[in-house]
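Topology and contacts: notes
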Amino acid sequence: MSFFSYLLNGISLGAVYAIIALGYTMVYGIAKMLNFAHGDILMLGAYTAFIAFNSLGLPIPASALLAVIVCTLTGILTERIAYKPLRGANSLAVLITAIGVSYLLQNLALLIFGANPKSFQSFIPIKPLHLAGGALTIPGETIATILTGLIVAAGLLLFVHRTKAGQAMLAVSEDKGAATLMGVNVNATIAMTFAIGSALAAVAGILLCSAYPSLTPTTGAMPGIKAFVAAVLGGIGSIPGAFLGGVILGILENLSKAYISSKLSDAIVFSVLILVLLVKPSGILGKKITEKV
């Protein structure tokens, strides 16, 4: 029963990583940019939900919706100010800018909210599920997180492959110039990608802080890095790959903490990433792309 409990908690944590990784993989797949400020947008969403619920007295659904709106607008604004001017720049300039935006958001949160951890009240109203005569208890947060991760991944796949906006995103990811000639608004498509990714970060922030109820300005830093690892592990640019990578990462981390060492769990996770990339550099579900010169 302990193993199943650790496994379910690992899948739950992996679902959070997967939701964050979906934002990474969409932005990279379409704009060819690595938005390392993605984890800090997660933190912003969690703080917005916390303030809306505890200070403004809004109900949980309204607080969550406000967090999604704030993160969506932040994502669009960040893309317009920080990333749009760098589309023609080299990848190093984009990377340095992303790190700068990340530290900017962290320090703004530090100035506004302070360094003391906030006790985040769970936004999940689902009651725990007791199985095997009470020997196995599944928290409501675990159930909600796993279901949300599955729904988000399936919804994104349907959106990308069954809607005109999704087809525009696929066209831009293939060739921006050709997409422009075919009448696709590339700027609006990339902005929409950042908006969707940032909205998903808000959802992930609420789920993460509901399961681990402590909120600080650096809450999103490590989950953001691990979600990027999950996206690379699964195959960055692939929606199923991002989800699979997140779940694998969460299971590895949780089982490593339970059965090996909590201090070595991160090292084990990154070691597995290195081994996978040595065998398959494009990731588990990633496709090898040959560039013609």
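In this report, we go over the structure that sits alongside the text. (Residues numbered from 1 in each chain as written. Predicted model: local features only at pLDDT ≥ 70, side-chain atom pairs only at ≥ 80, totals over all residues. Heavy atoms only, no water.)

**With respect to the overall build of the protein**
Note the cut-off: Secondary structure elements are taken from DSSP: a helix is a run of H or I of four residues or more, a strand is a run of E of two residues or more, and numbering for both begins at the N terminus. To get the radius of gyration, use the C-alpha atoms; to get the globule rule, take the number of residues to the power 0.38 and multiply by 2.2 Å. The rule is simple: take the accessible area with a 1.4 Å probe, protein chains only, and divide by the maximum for that residue type; under 20% is buried, over 50% is exposed, in between is partly exposed. Only heavy atoms matter for contacts: two residues are in contact if any of them lie within 4.5 Å across the pair. Charged residues are defined here as Lys and Arg on the positive side and Asp and Glu on the negative side; His and the ends of the chain fall outside this count. For this purpose, a charge sits on NZ of Lys, CZ of Arg, CG of Asp or CD of Glu.
A tally of regular secondary structure across the protein gives eleven helices and two strands. In sequence order, the secondary structure elements of the protein are arranged as α-α-α-α-β-β-α-α-α-α-α-α-α. Relative to the globule expectation of 19 Å for 293 residues, the C-alpha radius of gyration of the protein, 19 Å, shows essentially globular dimensions. Dimensions of the protein, computed from the C-alpha atoms along their principal axes, are close to 60 × 50 × 35 Å. Counting only residues that meet the buried cut, the protein has 45% of its 293 residues in that class. Sequence separation of at least 24 residues holds for 72% of the intrachain contacts in the protein that already meet a minimum separation of 6. Computed over 16 positive and 8 negative side-chain charges, the inter-centroid distance for the protein is 4 Å.

**Here we look at the nonpolar core**
Just so we agree on the cut-off: Buried Ala, Val, Leu, Ile, Met, Phe, Trp, Tyr and Cys residues that are joined via side-chain atoms within 4.5 Å together make up what is termed a nonpolar core.
Counting residues in hydrophobic clusters, the biggest one holds 60 residues, and the most contacted among them are I20, L22, Y83, L156, V172, I190 and L200. The biggest single contributor to this core is helix α1 (residues 2-31), with 13 residues. Excluding residues within four positions of it along the chain, I20 makes contact with H38, L42, A204, P223 and A227. Ranked by size, the runner-up nonpolar core spans twelve residues in total, among them Y47, A109, F123 and I206.

**Quick look at the packing of aromatic side chains**
Our working rule: A pair of aromatic rings is counted whenever rings of Phe, Tyr or Trp (Trp by its six-membered ring) have centres within 6.5 Å, and the orientation is called stacked for planes under 30 degrees apart, edge-to-face for over 60 and tilted otherwise.
Scanning all chains against the criterion turns up ten aromatic pairs. Ring geometry for F53 and F123: centres 5.5 Å apart, planes at 55°, overall tilted. Taken together, the positions of F53 in helix α2 (residues 38-54) and F123 in the loop between α4 (91-113) and β1 (129-131) put the pair 70 residues apart, joining distant regions of the chain. An aromatic cluster is present here, built from F50, F53, F120 and F123 joined pairwise through their rings.

**Remarks on the side chain of N35**
One can find N35 in the loop between α1 and α2. Discounting residues that sit within four places of it in the chain, N35 has contacts with Y24, V27, I41, Y83 and F194.

**A closer look at a nonpolar patch on the surface**
Inclusion rule: Each patch is built from residues lacking any salt bridge and having more than 30% relative accessible area; the joining distance is 9 Å for like charges and 5 Å for nonpolar side chains (Val, Leu, Ile, Met, Phe, Trp, Tyr). Reported accessibility uses the Shrake-Rupley method at a 1.4 Å probe radius. Residues are deemed covered only where the shown protein chains occlude them. The rule for a salt bridge is simple: a side-chain nitrogen of Lys or Arg has to be within 4 Å of a carboxyl oxygen of Asp or Glu.
Among the surface-exposed residues, M1, F3, F4, Y6, Y259, I260 and L264 lie close enough to one another that they form a single nonpolar patch of about 710 Å² accessible area. Turning to its location among the elements, F3 is positioned in helix α1. Judged by relative accessible area, which is 39%, F3 ranks as partly exposed.

**Brief notes about the packing of helix α5 (residues 140-162) against helix α8 (residues 186-211)**
Note the threshold: To obtain an axis, a line is fitted to C-alpha atoms, over the contacting stretch when the element is a helix, and the angle between two such axes runs from 0 to 180 degrees between their N-to-C directions. Here the word oblique covers every angle except those under 35 degrees (roughly parallel), over 145 (roughly antiparallel) and from 65 to 115 (roughly perpendicular).
Close contact between α5 and α8 brings their axes to 10 Å; oriented N to C, the two are set at 170°. By the angle class used here, α5 and α8 are roughly antiparallel. Residue-level inspection shows E141, T145, T148, V152, L156 and F159 of α5 in contact with α8, the latter providing M192, I196, L200, V203, L207, S210 and A211.

**Regarding helix α3 (residues 60-83)**
Formally: Expected helix span is given by 1.5 Å per residue-to-residue step, counting one fewer step than there are residues.
When the terminal C-alpha atoms of α3 are compared, their 33 Å separation across 24 residues agrees well with the 34 Å that a helix rising 1.5 Å per residue should span. Turning to α3, its buried residues number three or more, namely S63, A67, C71, T72, T74, G75, T78, E79, A82 and Y83. Check the buried side of α3 and you find it contacts α2, α4 and α8.

**Digging into the packing of α1 against α8**
Spelled out, the test is: The nonpolar class holds Ala, Val, Leu, Ile, Met, Phe, Trp, Tyr, Cys and Pro. Asp, Glu, Lys and Arg form the charged class, and all remaining residues, Gly among them, are polar.
Interaxial distance between α1 and α8 falls to 9 Å at its minimum, and their mutual angle equals 170°. Taken together, the axis directions place α1 and α8 in an arrangement best described as roughly antiparallel. Of α8, the residues touching α1 (which contributes L13, V16, I19, I20, L22, G23, M26, V27, I30 and A31) are I190, T193, F194, I196, G197, L200, A204, L207 and L208. For the contact of α1 with α8, the residue count by class is 16 nonpolar, three polar and no charged.

**Let's talk about the pattern of salt bridges**
When charged atoms on two side chains of opposite charge get close, those side chains can pair. This model, assessed by the stated rule, comprises three salt bridges. Among the ionic pairs, E253 bridges to K226, the shortest N-O distance being 3.1 Å. In this pair, E253 is assigned in helix α10 (residues 239-259) and K226 in helix α9 (residues 221-234), connecting sequence segments 27 residues apart. For K226, a relative accessible area of 5% translates into the label buried. In this structure, D266 and K226 form a salt bridge, with 2.8 Å as the shortest nitrogen-oxygen distance. One end of the pair, D266, is in helix α11 (residues 265-279); the other, K226, is in helix α9, and 40 residues separate them in sequence. Overall, D266 belongs to the partly exposed group, its relative accessible area being 27%. Each of K226, E253, K257 and D266 takes part in salt bridges that share partners, so that together they form one network.

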